[in-house]
Amino acid sequence: MEELYRFLEKLAANNDRSWFAAHKEEYDRLRAWWTGELQTLIDAMARFDPSLAHVQAKDCLYRIYRDTRFSNDKTPYKTYFSALISPTGRHCERACYYFHQGVDETALYAGVWCPDARMLKKLRKAIIDNVDEFRSLVETPEIERHFPGWWGRQLKTAPKGYDRDHPDIDLLRLTEYGKCCELQRSFFDKPGWQQRAADLYALLKPMNDFLNYSIDE
């Protein structure tokens, strides 16, 4: 794991194609190793979420190459490894899990990101119609300890159709329903980090189930 972080730090300091080409063999070796580590994590997650039982890590991995077409940042490579974990691999528009490991941040994420307007409207209604149930799922002491607050974009005012003084305006202002647990590098010092990460993800399975039920309803 330390070797992975050292590689990503060197990449951050030398983010250009010539350096990456000279270190491509090292990258390929680390990516293959990380894919195996990720598979162990997915297999551990399948114990609490059977829908992940047949998911392959290679189908969850994101490429390290950045899409710079619409970005002012033209550096060609990401300085992190990442994967979206769902029954359909990295191609998922429902509530799922995301693992991000890099120079500036290492974190576990769960929830729904960037829902379209129709899906967001549906989620807001389901949450407000069942707000006590939803809060009981996302505001447990364990979740608030490891996944504090909400991650993602929020409106400055109330969405259309809701009063700005609504008692649950904190939930209504969200445009994404995601939670994040930031990890220190020491999290990986001891063997079995995948099970520890799976145990953290398991805290948010009830939230993901609620969101996906609301999407499918």
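For the structure given in this document, a descriptive report is provided here.

**Quick word on the nonpolar core**
Most often, soluble globular proteins have nonpolar side chains that are buried together. Residues Leu38, Leu41, Met45, Phe99 and Leu211 are the most contacted members of the largest nonpolar core, which totals 59 residues. Top contributing element to this core by residue count: helix H3 (residues 24-45), with eight residues. Leave out the neighbours within four places in its chain, and Leu38 touches Ala57, Cys60, Leu61, Ala83, Ile85 and Phe99.

**Here's the deal with the pairing of strand S2 (residues 96-102)**
For a regular strand, the rule is simple: side chains alternate between the two faces of the sheet. With seven of seven residues buried, S2 lies mostly within the body of the structure. Burial along S2 is two-sided: Cys96, Tyr98, His100 and Gly102 facing one way and Tyr97, Phe99 and Gln101 facing the other are all buried. Where strand S1 (residues 80-85) lies against S2, six bridges are found, and the strand directions are antiparallel. Across the sheet, residue Ser82 finds its bridge partner in S2, namely His100.

**Side note on the sheet that holds strand S3 (residues 106-112)**
Strand order across the open sheet formed by four strands is S1-S2-S3-S4, with antiparallel pairing between neighbours. What marks the edges here is a single partner per strand, and that holds for S1 and strand S4 (177-182). In this sheet, neighbouring strand axes are inclined to one another by 15° on average, regardless of whether the strands run parallel or antiparallel. With six bridges joining them, S3 and S4 adopt antiparallel strand pairing. Note that in S4 the partner of Gly111 across the bridge is Gly178. Of the strands in this sheet, S1, S2 and S3 are in contact with helix H1 (residues 2-13), which crosses S2 at around 70°. Where helix H4 (residues 117-129) meets the sheet, its contacts fall on S3 and S4, and the angle it forms with S4 comes to roughly 85°.

Quick notes on the rules
- As a convention, each chain's residues are numbered from 1 in the sequence order in which they are written.
- Predicted model: local features are reported for residues with pLDDT of at least 70 only, side-chain atom pairs are reported and counted for 80 or more only, and whole-chain, interface and lining totals are derived from all residues.
- Computation of side-chain values: all heavy atoms of the structure, hydrogens and water removed.
- Joining through side-chain atoms within 4.5 Å is the link that ties buried Ala, Val, Leu, Ile, Met, Phe, Trp, Tyr and Cys residues into a set, and such a set is a nonpolar core.
- Exposed residues in this analysis have more than 50% of their type's maximum accessible area, buried residues have under 20%, and partly exposed residues fall in between, with area computed by a 1.4 Å probe over protein chains only.
- Per the convention used, a helix needs a DSSP run of H or I reaching at least four residues, while a strand needs a run of E reaching at least two, with both numbered from the N terminus.
- We call two residues in contact whenever any of their non-hydrogen atoms come within 4.5 Å of each other.
- The criterion for strand pairing is that DSSP finds at least two bridges linking the strands in question.
- Each axis is a line fitted through C-alpha atoms, taken for helices only over the stretch in contact, and angles between the N-to-C directions span 0 to 180 degrees.

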